[in-house]
Amino acid sequence: MADNGVINPWTVSGEIDYNKLIERFGTKPIDWKLLDRFKKYTGGLHFHLRRGVFYSHRDLDVVLDEFEKGNRFVIYTGRGPSGPVHLGHLVPWIFTRYLQQTFDAKLIFQFTDDEKLMLNPELTEEEVDHWTFENALDLMALGFEQEKVEFIVNRRHSEKVYRVALKVARRTTVSTVKAIFGFDGDTSPAFMFFPAMQAAPCFIESEREGRPVPCLIPAGIDQDPFWRMTRDTATKLGYPKPAQIHCRLLPGLSEGGKMSSSVPGLAIYTTDGPDIVEEKINKVNTQGRGPETCSLYQYYYFLFEESDEALTRIAEGCGARACALCKAQLIERVNNVLENHRVRREGKRSTVTDLLNL
Ligand code: TRP
């Protein structure tokens, strides 16, 4: 962890030293051996893997071993629906879609509406229901196959999660939960149980099938504390330990941290129109920054320039190349992507209604 960075599921701020997180969380870097294994299935490598956007893992090798033996894994990820989706959220979801396509895997997607309500007493139930639907449109707009997607909205589909969550919660203790998440006296008591709710989907397929079904979780590394607790209880319950593949977080339009929804000017939402995107990007102070510290370069790196050669040219031109030009090009790309995204998103209303069982 860097000197001034904070990272946990509910707070990400300051400079994050991603290599130190590997040490601190006890995960493994994704090395060339693993990347070579991936290449076998895909021909090429997804740019998120080539560039180390997804850079750390636990048991990815085990999941691939099982896959090779014919034991297919389920993919599990999720979203806390308390506001609109921004570009940072799309990073792991785009990679998740690639995983689904490559391994023909089922995706379980959890909406932790309960988590968001207990985090923010001002938020209404209508609001989280609204954002669940809106966020689901963004997810499905990315091209997931509906037949291979299952939604779990914790408040709505509690019969799917509660029984398994209780199994998890019975095998853990307040001290463990506190040690991992650092709750204090101002925390809602519901949070003592919540980690079990986020753990449960890891085991749901194993429960249903009555055999160990491996589970792979693509997610931001900020979610890792949940998986440490989940992996502990997996052993006690006789389920396979869920595997993780972790990504770095897209920084906000200023520097550092992740693109946070709580500071609207610093995030680009999928619903932002062309003028808003232009205004937000033009406002970024890029003077005197190089590719390492310029947040706009990170946007090319994480999302908007898939060609490595073209990306290198952007980095090399940085400084010499006028920032205004770089901004104009990024504005055009973001707006193109978002315009297409919004068309696909509108087309997903009935799909999402089905998947949510509304
Ligand atoms: N807690 C996550 C959030 O606030 C949502 C979530 C639930 C999730 N299950 C997950 C994220 C599994 C990644 C993987 O966004």
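Novice: Looking at this model, I keep getting lost on the overall build of the protein. Mind explaining?
Specialist: Counting its regular elements, the protein contains 17 helices and nine strands. For the C-alpha atoms alone, the extent of the protein along its principal axes is close to 60 × 50 × 45 Å. Put simply, of all contacts in the protein between residues at least 6 apart along the chain, 78% involve residues at least 24 apart. Surface exposure of the protein reaches about 15,700 Å², of which carbon and sulfur atoms provide 50%. Both charge centroids of the protein, one from 45 positive and one from 49 negative side chains, sit 4 Å from each other.

Novice: What is the right way to look at the site of the ligand in this model?
Specialist: Neighbouring residues of the ligand: 14 residues in total, closest Y76, Q110, E115, Q198 and Q223. At 2.9 Å from a nitrogen atom of the ligand is found a side-chain nitrogen or oxygen belonging to Y76. Separating a nitrogen atom of the ligand from a side-chain N or O atom of E115 is a distance of 2.9 Å. Put simply, the parts of the chain that give the shell around the ligand at least two residues each are strand 5 (74-79), helix 6 (113-119) and strand 8 (215-220). Counting residues per element, the shell around the ligand draws most heavily on strand 5, which supplies four residues.

Novice: Would you mind showing me how to read the sheet that holds strand 4 (residues 54-58) here?
Specialist: Strands pair in a sheet through their backbones, by hydrogen bonds, and they do so in one of two ways: parallel or antiparallel. With mixed pairing, the seven strands of this open sheet are ordered in space as 3-4-9-8-5-6-7. Across the chains shown, the open sheet's two edge strands, defined by having one partner strand only, are strand 3 (28-29) and strand 7 (149-153). Of the pairings in the sheet, the one linking strand 6 (residues 107-111) to strand 7 comprises five bridges and is parallel in character. Its bridge partner being in strand 7, Q110 is matched across the sheet by I152. This element, helix 7 (residues 125-140), spans strand 5, strand 6 and strand 7 of the sheet and lies at about 160 degrees to strand 7.

Novice: Looking at this model, I keep getting lost on the domain arrangement of the protein. Mind explaining?
Specialist: Accessible area lost upon the coming together of the parts is a frequently used measure of interface size. Per the domain assignment, the segments making up the protein are domain 1 (6-251) and domain 2 (264-345). Computed over C-alpha atoms, the centres of domain 1 and domain 2 are 27 Å apart. Listed by partner, the interface residues are 21 residues for domain 1 and 21 residues for domain 2. Of the roughly 2,000 Å² buried where domain 1 meets domain 2, counting both sides, 63% is carbon and sulfur surface.

Novice: What exactly am I supposed to notice about the pairing of strand 9 (residues 243-247) here?
Specialist: Along any regular strand the residues' side chains alternate between the sheet's two faces. Counting buried positions over the five residues of strand 9 gives five, a clear majority of the element. Burial along strand 9 is two-sided: A243, I245 and C247 facing one way and Q244 and H246 facing the other are all buried. Summarising the sheet, strand 8 and strand 9 pair through five bridges and their orientation is parallel. Across the sheet, residue G220 finds its bridge partner in strand 9, namely C247.

Novice: Is there a simple way to explain the packing of aromatic side chains in this structure?
Specialist: Two measures describe an aromatic ring pair: the distance that separates the ring centres and the angle between the ring planes. Per the counting criterion, the structure on display carries 28 aromatic pairs. A centroid spacing of 6.0 Å and a plane angle of 55 degrees characterise the contact between F67 and F73, whose relative ring orientation is tilted. F73 shares its class with F67; the two are buried. The ring centre of F25 lies 4.5 Å from the NZ or CZ of R228, which sits over that ring. Positioned over the ring face of Y55 is R248, at 4.5 Å from the centre of the ring.

Novice: Just to check I follow, could you spell out the pairing of strand 4 for this structure?
Specialist: Across the five residues that make up strand 4, a large majority, five, are buried. Judged from the four bridges that link them, strand 4 and strand 9 form a sheet pairing that is antiparallel. Each residue of the ladder has a partner; that of F54, found in strand 9, is C247.

Novice: Any chance you could explain the pattern of salt bridges here in plain terms?
Specialist: Should their charged atoms come close, side chains of opposite charge can pair. Taken as a whole and judged by the stated rule, the model has 32 salt bridges. A single network of salt bridges, built from pairs that share partners, joins K106, E150, K160, E205 and R208.

Novice: What is the right way to look at helix 16 (residues 323-346) in this model?
Specialist: Given 3.6 residues per turn, any residue in an α-helix points the same way as the ones three and four places further on. Under the 1.5 Å per step criterion, the end-to-end length of helix 16 is 34 Å for 24 residues, consistent within 8% with the ideal 34 Å. Among all positions in helix 16, only C326, K327, L330, I331, V334, N335, L338, H341 and R345 are buried. Packing partners of the buried residues in helix 16 comprise helix 5 (87-103), helix 7, helix 13 (274-283), helix 14 (295-304) and helix 17 (349-355).

Novice: Any chance you could explain the nonpolar core here in plain terms?
Specialist: Generally speaking, a soluble globular protein has its nonpolar side chains buried in company with each other. With 67 residues, the main nonpolar core has F38, L49, L87, F151 and V334 as its most contacted residues. The element contributing the most residues to this core is helix 5, with nine residues. Looking at which domains feed residues into this core, each of domain 1 (6-251) and domain 2 (264-345) gives three or more. By size, the runner-up hydrophobic cluster in this structure holds 31 residues, among which are I108, V161, F191 and M197.

Conventions we followed
- Residues numbered from 1 in each chain as written.
- Predicted model: local features only at pLDDT ≥ 70, side-chain atom pairs only at ≥ 80, totals over all residues.
- Heavy atoms only, no water.
- Helix = DSSP H or I, 4+ residues; strand = E, 2+ residues; numbered from the N terminus.
- Contact = heavy atoms within 4.5 Å.
- Areas by Shrake-Rupley, 256 points an atom, 1.4 Å probe, with all protein chains shown as cover.
- Lys, Arg positive; Asp, Glu negative; His and termini not counted.
- Charge placed at Lys NZ, Arg CZ, Asp CG, Glu CD.
- Near = heavy atom within 4 Å.
- Polar contact = N/O pair within 3.5 Å; in protein donor to acceptor, adjacent residues only side chain to side chain.
- Pairing = 2+ DSSP bridges.
- Axes fitted to C-alpha atoms, helices over the stretch in contact; angles between N-to-C directions.
- Domains from an automatic or database assignment.
- Buried area = accessible area lost by both parts, 1.4 Å probe.
- Buried < 20%, exposed > 50% of the residue type's maximum accessible area, 1.4 Å probe, protein only.
- Phe/Tyr/Trp six-rings, centres within 6.5 Å; stacked < 30°, edge-to-face > 60°.
- Lys NZ or Arg CZ within 6 Å of the ring centre and 35° of its normal.
- Salt bridge = Lys/Arg side-chain N within 4 Å of Asp/Glu carboxyl O.
- Expected span 1.5 Å × (residues − 1).
- Core = buried A, V, L, I, M, F, W, Y, C linked by side-chain atoms within 4.5 Å.

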